[in-house]
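Coordinate analysis (summary)
The residues making up each chain are set out below.
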Amino acid sequence: MYSVYDINGDKTKELIIKGADNEENKEEYFFYRYKDKAVKAVGSLENTDDNGESKLYYVKKEKEIAVSKEATDKSSYTLYKVGKKIKSSFSINKENIDDQMKYTLEDENGNVTDQKITEANWSEVEESLEEIVFYDLEVSSDSEFTEEQINVLKSSLGVPDDVMVTRCEVGEPWYWEGAGIWIVNVELYSGDDFLAGAAIDPDTLELEREIYTYDVSRMNNGLSTGQEENNSEVVSSDDETTSEETSEIRETVSKVTNLPYVGGNTYDVDLHWTENGGLATSQAIDSGILGTVRMDLDIDGEEEIFYVSYEESSEAPDGNAIYFGVIKKIGKSWNIISKQEVSCVSPLEHNGENNESSVFMRKSNGKYEIFYESYSESVIATGQSWLFRGFRMEETGLSPISETNNIYYGGSPIDEFWRGAESELNDYNGDAQQMLDNYCSLGFARPYITFGSMTVDCNSNLYQIVHINKKNALSTMEISQWIPQSNGQGTLTGAFKCVIEDSGSAVPEVMSEYENAQAVAVDANANSQDSTEYLLPDVANKYLEETEVTSFSLDQLQLAINEIFARHGRCFKTAEIDSYFRSKSWYQPDASKTDEQIVAEFNEYEKANEELLEKVREAKQN
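Every chain begins its residue count from 1, and numbering advances along the sequence as written. Reporting in this predicted model follows two pLDDT cut-offs: at least 70 for local features of residues, and 80 or more for side-chain atom pairs to be given and counted; totals over whole chains, interfaces and linings ignore these cut-offs and use all residues. Only hydrogens and water are set aside; all other atoms, that is, all heavy atoms of the structure, feed into the side-chain values.

**Digging into the overall build of the chain**
Every helix listed is a DSSP run of H or I at least four residues long, and every strand listed is a run of E at least two residues long, numbered separately from the N terminus. A count of helices and strands for the chain gives 12 helices and 30 strands. For the chain, buried positions account for 50% of its 622 residues. Counting contacts in the chain only where the partners sit at least 6 residues apart, residues at least 24 apart contribute 55% of the total. A total accessible area of about 30,500 Å² is found for the chain, and carbon and sulfur atoms account for 43% of it. Whether a residue is buried, partly exposed or exposed follows from its accessible area with a 1.4 Å probe, protein chains only, as a fraction of its type maximum: under 20%, in between, or over 50%, in that order. Residues count as neighbours in contact if any of their non-hydrogen atoms are within 4.5 Å of one another. Per-residue and other accessible areas follow the Shrake-Rupley method at a 1.4 Å probe size, with only the shown protein chains counted as cover for residues.

**Remarks on the packing of helix α9 (residues 554–566) against helix α12 (residues 604–621)**
Their axes nearest at 10 Å, the elements α9 and α12 cross at an angle of 160°. Classified by the angle between their axes, α9 and α12 sit roughly antiparallel to one another. Where α9 crosses over α12, the handedness of that crossing is left-handed. Residues L554, L557, Q558, A560, I561, I564 and F565 of α9 pack against E606, N609, E610, L613, E614, V616, R617, K620 and Q621 of α12. Charged residues are taken to be Asp, Glu, Lys and Arg, nonpolar residues to be Ala, Val, Leu, Ile, Met, Phe, Trp, Tyr, Cys and Pro, and polar residues to be all remaining types, Gly included. Residue classes in the contact of α9 with α12 are distributed as eight nonpolar, three polar and five charged. All axes here are fitted lines through C-alpha atoms, helices being fitted over the stretch that makes contact, and every angle between N-to-C directions spans 0 to 180 degrees. What sets the label is the angle itself: under 35 degrees gives roughly parallel, over 145 gives roughly antiparallel, 65 to 115 gives roughly perpendicular, and the rest give oblique. By convention the crossing between two helices is left-handed if the near helix lies anticlockwise of the far one by an angle smaller than a right angle, and right-handed if it lies clockwise.

**As for the nonpolar core**
Of all hydrophobic cores here, the largest spans 43 residues; its most connected members are L290, F306, I322, F324, L348, V359 and M361. It is strand β30 (residues 491–502) that contributes the most residues to this core, five residues altogether. Sequence-distant contacts of F306, that is, excluding residues within four places in its chain, are made with G291, T292, V293, L297, F324, G325, V326, V359, I370, L398 and I465. In plain words, nonpolar cores are sets of buried Ala, Val, Leu, Ile, Met, Phe, Trp, Tyr and Cys residues tied together by side-chain atoms within 4.5 Å. The next biggest cluster of nonpolar side chains, apart from the first, holds 26 residues, and it includes F360, W386, I414 and A591.

**Quick notes on the sheet that holds strand β21 (residues 304–312)**
Note: two strands are recorded as paired if DSSP finds a minimum of 2 bridges between them. Taken together, four strands build an open sheet; the order of strands is β20-β21-β22-β23 and the sheet is antiparallel. Because the sheet does not close on itself, it has two edges, and the strands there are β20 (288–295) and β23 (333–343). Going from strand to strand, the sheet's axes swing by 25° on average, the running direction of each strand aside. Two strands pair when backbone bridges link them, and β21 and strand β22 (residues 320–330) are joined in this way by nine bridges, in the antiparallel orientation. Counted as the bridge partner of E311 is A321 from β22. The sheet contacts of helix α3 (residues 244–257) involve β20, β21, β22 and β23, and relative to β20 the element is tilted by about 120°.

**Brief notes about the environment of E611**
Tracing the backbone shows E611 in helix α12. Along the chain, E611 and I561 lie 50 residues apart, while their C-alpha atoms are 9.0 Å from each other.

**A closer look at α3**
The end-to-end C-alpha distance of α3, which contains 14 residues, comes to 20 Å, matching closely the 20 Å that a straight helix rising 1.5 Å per residue would cover. At its buried positions, α3 is contacted by β20, β21, β22, β23 and β30. Two residues or fewer after α3 comes N258, characterised by a positive phi angle close to 60°. To estimate how far a helix should extend, the number of its residues minus one is multiplied by 1.5 Å.

**A closer look at a negative patch on the surface**
For patch detection, residues must exceed 30% relative accessible area and be free of salt bridges, and they are connected within 9 Å for like charges or within 5 Å for nonpolar side chains (Val, Leu, Ile, Met, Phe, Trp, Tyr). Basic side-chain nitrogens of Lys or Arg form a salt bridge, by our definition, when they fall within 4 Å of a carboxyl oxygen of Asp or Glu. A residue counts as positive if it is Lys or Arg and as negative if it is Asp or Glu; His and the chain ends are not included. The atom standing in for a charge is NZ when the residue is Lys, CZ when it is Arg, CG when it is Asp and CD when it is Glu. On the surface, a cluster of negative charge is contributed by E70, E124, E126 and E127. For the negative patch, the element with the most residues is helix α1 (residues 119–127), which contributes three residues. Its location among the elements puts E126 in helix α1.

**So, the pattern of salt bridges**
As enumerated under the stated definition, the model contains 20 salt bridges in all. K328 is paired through a salt bridge with E302; the nearest N and O atoms lie 3.8 Å apart. Highlighted residues: K328 in strand β22 and E302 in the loop between β20 and β21, separated in sequence by 26 residues. Overall, K328 belongs to the buried group, its relative accessible area being 11%. A salt bridge links E369 to R362; its shortest N-O distance comes to 2.7 Å. R362 matches E369 in its accessibility class, with the two residues each being buried. Residues joined by salt bridges that share partners form a network here, namely D298, D300, E302, E304 and K328.

**Looking at the side chain of D298**
With respect to the secondary-structure elements, D298 resides in the loop between β20 and β21. Among all residues touching D298, those that are not within four sequence positions of it are E304, K328, M393 and E394.

**Observations regarding the pairing of strand β25 (residues 367–378)**
Among the 12 residues of β25, 10 are classified as buried, and the element is accordingly described as predominantly covered. Here strand β24 (residues 353–364) pairs with β25 via 12 bridges, running antiparallel. Among the inter-strand pairings, S358 is bridged to a residue of β25, identified as E373. Remark: two residues form the turn of the hairpin made by β24 and β25, two consecutive strands paired antiparallel; N365 in that turn has positive phi of roughly 55°.

**Some words on the confidence of the model for the chain**
Each residue carries a pLDDT value, the predictor's own confidence for that position, ranging from 0 to 100. When pLDDT is averaged along the chain, the result is 80; 83% of the residues meet or exceed 70. Contacts for the low-pLDDT stretch residues 137–143, under 50 throughout, to residues beyond four places or in other chains number 20 contacts. Considering only residues more than four positions removed or in separate chains, one finds that residues 220–241, a stretch of pLDDT under 50, has 48 contacts.

**A look at the packing of aromatic side chains**
Here the aromatic set is Phe, Tyr and Trp, taking the six-membered ring for Trp, and pairing holds for ring centres within 6.5 Å; pairs whose planes are under 30 degrees apart are stacked, those over 60 apart are edge-to-face, and all others are tilted. Counted by the stated rule, this structure contains 28 aromatic pairs. With centroids separated by 5.1 Å and ring planes inclined at 45°, the aromatic side chains of Y77 and W122 adopt a geometry described as tilted. Taken as a pair, Y77 in strand β7 (residues 74–82) and W122 in helix α1 lie far apart in primary sequence, 45 residues in all. For Y77, a relative accessible area of 4% gives the class buried. Taken together, a centroid distance of 5.4 Å and an interplanar angle of 80° make the contact between F371 and F444 edge-to-face. Here F371 is found in strand β25, whereas its partner F444 is found in the loop between α5 (432–440) and α6 (455–458), with 73 residues between them in sequence. Overall, the relative accessible area of 0% leaves F371 in the buried class. Chaining the aromatic ring pairs together yields one cluster made of F360, F371, W386, F388, Y409, F417, Y439, F444 and Y514. Here, over-ring charges are defined by two tests on the NZ atom of lysine or the CZ atom of arginine: distance to the ring centre within 6 Å, and angle to the ring normal within 35 degrees. Sitting over the face of the ring of Y189, R167 holds its NZ or CZ atom 4.1 Å from the ring centroid.

**Looking at the side chain of N355**
Relative to the elements of secondary structure, N355 occurs in strand β24. In this structure the side chain of N355 is engaged in a polar contact, spanning 2.8 Å, whose partner is the side chain of S357. Any pair of nitrogen or oxygen atoms within 3.5 Å is treated as a polar contact; in protein, a donor-acceptor pairing is required on top of that, and neighbouring residues in sequence qualify only through side-chain atoms on both sides. Polar side-chain contacts of N355 include one of 3.1 Å to the side chain of S374. Among all residues touching N355, those that are not within four sequence positions of it are S346, P347, S374, Y375, S376, F451, I468, N469 and K470.

As structure tokens, this is what we get:
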């Protein structure tokens, strides 16, 4: 069992693992802290179980840990300080002797002292205790997570009230350096059907990353692609009825390319052992058209059709690749006028990775540009990767954007890569800072790419055409257990799901010119003193009085807190908040920054004012 808790009040939560040694009848607690880019053991403590019940508490005033032990005729609390090491402070005991309560105090070495202890002293200790809740690594809806917590997760993940959650699986806690917090993967099931899931902060239940909201199509059987040789099964299709025009566009591209249209579907993907003893997944699809969009790409007054395909690679032997293509009507027939192989890196390949990939476009300096981005994290091993490619539509067709030619990182930890010039990985996989400079030179905000926070999510006036999301459908625990149990052979059916979304029909005919995020930064300096741009213009220049904000609503108080963070480049996941700050000329989002780094940048006014706003908000909530 595990818990996460900020024990010593430094705004960094420790990880606590609780275990039991049945042979010696004792419970053990192991404490870990994330420091210097590594998870380090702080120490451990144990509690002998003499047929009693023990719990772990937090003593807020003293910033200590207390272990309780409840037996038939004796109760005790032992307090510990958790610093660089774990050190005992004292123990207080209550024992029933001949129907009378006797209270004693033991020093840090377990020796009984002469200090007189009364019932009032015992009550004072008990009143200072705050129980630390532990979670099983695999729990059900009627065990460690309360019904209220399950309902909070259901609401956050969009699961309808009338859908019953029969199982809630929780993975092992892990430290997310990007946000500076411990998080766990949670998956909700109804029977054997996966409903939704995310990596969450177990303390607040806030969704942090790998967010997979409820999709009713997961509960239904879908269409058949007719690719019987493929081990993948089509589970569902788009809910919305495709317009006749969109259907005609897709049919035209399929005829010209001789490839089936496969977008808008969810595919089951199996995990299996290969002949050479390795692990691989079945391909989600053999080949096909993933998405299309029709517009005047070369600005010549006549519309073309842009398409994204997955087909045999001309560069990689025995492999497929993502392609960008453009077809145009010449005379009475449609013909391919431009085609570029983009990358062999995609969620559709034979790899045991969770992967999110996006194809999006923008209009920049009067020309259309189309980009492909892919981010992955290994499920079977460790490691992450990020790839970014771009093409510009010229009179002669699609032309590679040179700045994106070498933007690729693969390894671990990718958090180190986002540090750029400060990265220790520069000699390992290319020049990290050069890649980031090339990326930002295209006008994008400094990146910190992860699931649900891709370039298209963090910059305005970008229009997504195709979104591919491959995620393990079975829990990491199930996959990890199957690997050794399978003895190097066999197939784990339905280990992953791959969703291909075609958003091409939603791309507007009139596209807004892309606003360079770097230019916005320059404008921010010129307009930083414009009071109409801020909810609290002087928050960084003076101490606020409580009377200045007591009239604020809860929403206004939260927005004011967010504004302090936004001044330092914090990115926001909520679309409404993100849109609000992007409308401000001073806002310069920097996805590479963690909340911990931002707080460290606060001046004395910002720090005090943020605490005041938190205080007022908490008072209103209560």
